[in-house]
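Coordinate analysis (summary)
Read off the chains here:
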Protein chains: 2
Amino acid sequence: MSQQRHGSTSGNGDRAGAVPAFPDLPEATIARLPEYLRALHNLGEGGADTISSEGLAAAAGVNSAKLRKDLSHLGSYGTRGVGYDVALLIEQIEYVLGLDQRRAVGLVGVGNLGHALAGYDGFASRGFKIVALFDADPAKVGERIHGLVVRHIDELPAVAAEETLAIGVIATPAGAAQAVADELVAAGVTSILNFAPCVLSVPANVDVRKVDLAIELQILSFHEHRKASLTALPGGRSATGAGNQEAVGS
Amino acid sequence: MSQQRHGSTSGNGDRAGAVPAFPDLPEATIARLPEYLRALHNLGEGGADTISSEGLAAAAGVNSAKLRKDLSHLGSYGTRGVGYDVALLIEQIEYVLGLDQRRAVGLVGVGNLGHALAGYDGFASRGFKIVALFDADPAKVGERIHGLVVRHIDELPAVAAEETLAIGVIATPAGAAQAVADELVAAGVTSILNFAPCVLSVPANVDVRKVDLAIELQILSFHEHRKASLTALPGGRSATGAGNQEAVGS
DNA sequence: CGCGATTTGTGCACGCCTTCACAAGCGCCT
DNA sequence: AGGCGCTTGTGAAGGCGTGCACAAATCGCG
Ligand SMILES: NC(=O)c1ccc[n+]([C@@H]2O[C@H](COP(=O)([O-])OP(=O)(O)OC[C@H]3O[C@@H](n4cnc5c(N)ncnc54)[C@H](O)[C@@H]3O)[C@@H](O)[C@H]2O)c1
Ligand SMILES: NC(=O)c1ccc[n+]([C@@H]2O[C@H](COP(=O)([O-])OP(=O)(O)OC[C@H]3O[C@@H](n4cnc5c(N)ncnc54)[C@H](O)[C@@H]3O)[C@@H](O)[C@H]2O)c1
């Protein structure tokens, strides 16, 4: 880690304008950082000043060696014999994840799922703010949800022009998803979270993450199936092997 | 594949009672099977009888070599020079995923998100049926949602006794999630889909998958951050590297 | 001031997954 | 009947991620 960036004054504020161009963190690591962050916040509220890798690993549900290696990738902020400074580590991870600036989210498709998302306070507390809601249904446009007015999808370019949307969320039916994605991309959005069960085609510089509940259920179904086929087999070993806590991140 | 199980009569029904105890498919493969399945259904509705690995791979958003290797793991159902028989492959994958029997899902926590899930028809069309809704709030108990009456969480054991729940879905606040998970496990549920942002502790024979939207957003945020720090750097290569379609599966 | 207890950071080996590249197999056309 | 083009299935190589095990570092105490 060439750039040490150690928060000398403990508080924030010394973050230089020019971002240091990241060492390429392993994808697997960055997928776990949010989990560490959540665990740290819990621990912090619990009054802990420092936490050992063992403790944090347990709270995040991972192996302690993995956790240490992950953290080592973003430059070492632990103290041997003591552990990690909770506040400092929170600050570090938030910085790496780009959460020091609150990211603006635009949500397209205010149906069943969209409604739930729009009203979810878990976004605000984790660094995001839904700043705009869009739908194509005239009956929905104008509706007020949690302080936001639903706007017509055609207004997307205008809205994006006045407030940069960091992330676009697609909660429309699958048939409309690709068109919506195209419009988001045209409006300058380079990160998309897609709830529609379909593959999106986007330019190479745009990141798409997909959440498909049916897929999750089907994976569970497979394991059910497998477990069922094992019930009448040799030693019913329960220890060795599969059975556990798979996070959704890639 | 020792057991060929070739659907001779094309329809279903010849599935012998004793399941053949699976070759251990790579975890990565089973996480992609649902995606292939969805793509196949789309193609089938489009009127295709057969599909090449190239075509199916494109529809599912993966590399064609990867797709072939995945499918080869479950015994080859393709024809060289022609491709895969769409109907047969659908049947195959559904069998492997255990979707030939419709799985009963119990949903706990009928709040914002729970409501949306309860009303989602995408489950039914993909092999699942929500058979019970639970909540702890007396104000919610008794409410009728999409033909199902919300029952009190205390009734879970009774309900589970009369209808086996294959999968439990947790959509309660994080604070209640562990308790709910314990109750599900006690009721005999061995697969859990968890929407609450917390780590669940369960016995080794229970599978847990987690969906955390904030984590997805934070991962996107990281890439935004990284991209932003790269704008003013050497050759703005857009081809090489990250930027794309990461599925939610492990 | 030195020693032991504790905990981080990491070298290393192993296994999984991805990807390339190609031989083997299949159907169609002549 | 034979050849040609197309597509599958897979061997092999390389890369990535995980987890062990341990040296280095720090703190607290006698
Ligand atoms: N409801 C769930 O629990 C759930 C779960 C998993 C996945 N999903 C997926 O999420 C998506 C939304 O689900 P839902 O249940 O909210 O569906 P929905 O039909 O209730 O809502 C879809 C909304 O999108 C709007 N819309 C349609 N085309 C549009 C367009 N071109 N531009 C803007 N808005 C448009 C519709 O007007 C509607 O309000 C679907 O793809 C569904 O498969 C939903
Ligand atoms: N709403 C969203 O879009 C969204 C998005 C991502 C994650 N989540 C997560 O999903 C969970 C639910 O979110 P929500 O917005 O629906 O919250 P909510 O408060 O609207 O609903 C929670 C429901 O759970 C019920 N409940 C509480 N304790 C219970 C118990 N012990 N047993 C049974 N039921 C109990 C409550 O009565 C309530 O009806 C939360 O953990 C949230 O973080 C929600």
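Residues numbered from 1 in each chain as written. Chains lettered and ligands numbered in written order. Predicted model: local features only at pLDDT ≥ 70, side-chain atom pairs only at ≥ 80, totals over all residues. Heavy atoms only, no water.

1. Some words on the interface of chain B and chain A
Reports of interface size often rely on the accessible area that becomes lost once the parts have come together. Threshold: Residue contacts are defined here by distance: any two heavy atoms, one from each residue, within 4.5 Å place the two residues in contact. As used here, buried area is the combined drop in accessible area, with a 1.4 Å probe, of two parts when they are placed together. Any carboxyl oxygen of Asp or Glu within 4 Å of a side-chain nitrogen of Lys or Arg constitutes a salt bridge here. N or O atoms within 3.5 Å of each other form a polar contact, as long as, within protein, one can give a hydrogen and the other can take it, and as long as residues adjacent in sequence are counted only when both atoms are side-chain atoms. In this text, helices come from DSSP runs of H or I with a minimum length of four residues, and strands from runs of E with a minimum of two, each type numbered from the N-terminal end.
Chain B puts 77 residues into the contact, and the matching count from chain A is 77 residues. When residues of chain B are sorted by the area they lose upon contact with chain A, Arg209, Gln218 and His225 of chain B head the list and together hold 9% of the total. The interface formed by chain B and chain A holds eight salt bridges in total. The residue Asp207 of chain A makes a salt bridge to Lys227 of chain B at a minimum N-O spacing of 3.0 Å. Summed over the shared surface of chain B and chain A, the result is 35 residue pairs in polar contact (both at pLDDT 80 or more). Counting residues per element, the ones that place at least two in the side of chain B that touches chain A are helix H1 (27-45), helix H2 (53-60), helix H4 (86-96), helix H5 (112-118), strand E8 (167-170), strand E9 (191-194), strand E10 (207-210) and helix H8 (213-230) of chain B. Tallying contributions element by element places H8 of chain B first for the side of chain B that touches chain A, with 15 residues.

2. Some details on the UniProt feature "DNA-binding region" (unreviewed entry) in chain A
Quick note on the threshold: UniProt positions are given in the numbering used here, feature names are shortened, and annotations may be inferred rather than shown by experiment.
The positions UniProt marks with the feature "DNA-binding region" (unreviewed entry) are residues 35-74 of chain A. Overall, residues 35-74 of chain A shows 72% helix and 5% strand. The separation of its end C-alpha atoms is 15 Å.

3. Some remarks on H2 of chain B
Residue and element names in this part refer to chain B. Note the cut-off: Relative accessibility under 20% of the residue-type maximum defines a buried residue, over 50% an exposed one, and the middle range a partly exposed one, all with a 1.4 Å probe and only protein chains included. Within this analysis, the arc is defined by the directions that extend from the helix axis to the C-beta atoms.
If you check which residues of H2 are buried, you get Ser53, Leu56, Ala57 and Ala60. Relative to the axis of H2, the buried residues are bounded by an arc of 100° and lie together on one face. Of the exposed residues in H2, those oriented more than 90 degrees away from the buried face are Glu54 and Ala58. The inward-facing, buried residues of H2 abut H1, strand E1 (50-51), helix H3 (64-73), strand E3 (83-85) and H4.

4. Some words on the confidence of the model for chain A
All names here are of chain A. To keep it simple, the criterion reads: Along the chain, pLDDT gives the predictor's confidence residue by residue, from 0 to 100.
Scored by pLDDT, chain A has a mean of 87; 84% of the residues are at 70 or more. Low confidence marks residues 1-19, where pLDDT is under 50. Its contacts with residues over four positions away, or in another chain, come to 28 contacts. With pLDDT under 50 throughout, residues 235-243 is counted as low confidence; its partners more than four residues away or in other chains account for six contacts.

5. Things to note about the side chain of Asp70 of chain B
All names here are of chain B. With respect to the element layout, Asp70 can be found in helix H3. Assessed through its relative accessible area of 2%, Asp70 is described here as buried. Within the structure, Asp70 has its side chain in polar contact with the side chain of Tyr36 (distance 2.5 Å). Once residues lying within four places of it in the same chain are set aside, the contact partners of Asp70 are Thr29, Arg32 and Tyr36.

6. A few points about the site of ligand 2
Basically, it comes down to this: To be near a molecule or strand, a residue needs just one of its heavy atoms within 4 Å of it. Method for areas: the Shrake-Rupley scheme with a 1.4 Å probe, in which residue coverage is limited to the protein chains shown. Grid points spaced at 1 Å over the protein atoms alone were grouped into cavities, where a 1.4 Å probe fits but cannot get out, and pockets, open sets with protein on both sides within 12 Å along at least five of seven lines, with lining residues defined by an atom within 4 Å of a point. In this description, a molecule resides in a pocket or cavity if more than half of its atoms sit within 2 Å of the grid points defining it. Note on residue classes: Ala, Val, Leu, Ile, Met, Phe, Trp, Tyr, Cys and Pro are nonpolar, Asp, Glu, Lys and Arg are charged, and everything else, Gly too, is polar.
Around ligand 2 lies a shell of 23 residues, among which Tyr120 of chain A together with Leu113, Asp135, Lys140 and Thr172 of chain B are the nearest. Near ligand 2, the surrounding residues belong to chains A and B. In the model, an oxygen atom of ligand 2 is placed 2.9 Å from a nitrogen or oxygen of the Asn112 of chain B main chain. Between an oxygen atom of ligand 2 and a main-chain N or O atom of Leu113 of chain B, the distance comes to 2.8 Å. The protein chains hide 83% of the 830 Å² of surface that ligand 2 would expose on its own. In this structure, ligand 2 is accommodated by the largest pocket. Counting residues per element, the ones that place at least two in the shell around ligand 2 are helix H5 (112-118) of chain A together with H5 and helix H7 (174-186) of chain B. Of all the elements, H7 of chain B adds the most residues to the shell around ligand 2, at three residues. Among the residues making up the shell around ligand 2, the classes are represented as 16 nonpolar, four polar and three charged.

7. Considering empty space enclosed by the protein
Gaps between atoms show up when a probe of the same size as a water molecule is rolled over them. Selection rule: Grid points are joined across faces, edges and corners, and a volume is the space filled by probe spheres set on the points.
Following the criterion strictly, the structure yields two cavities of 30 Å³ or more and no others. Computed from the structure, the largest cavity encloses a volume of approximately 60 Å³. In terms of lining, the largest cavity is formed by Leu213 and Leu217 of chain A together with Val105, Leu107, Leu117, Phe123, Ile130, Val169, Leu193 and Phe195 of chain B. Those elements giving two or more residues to the lining of the largest cavity turn out to be helix H8 (213-230) of chain A together with strand E4 (103-108) of chain B.

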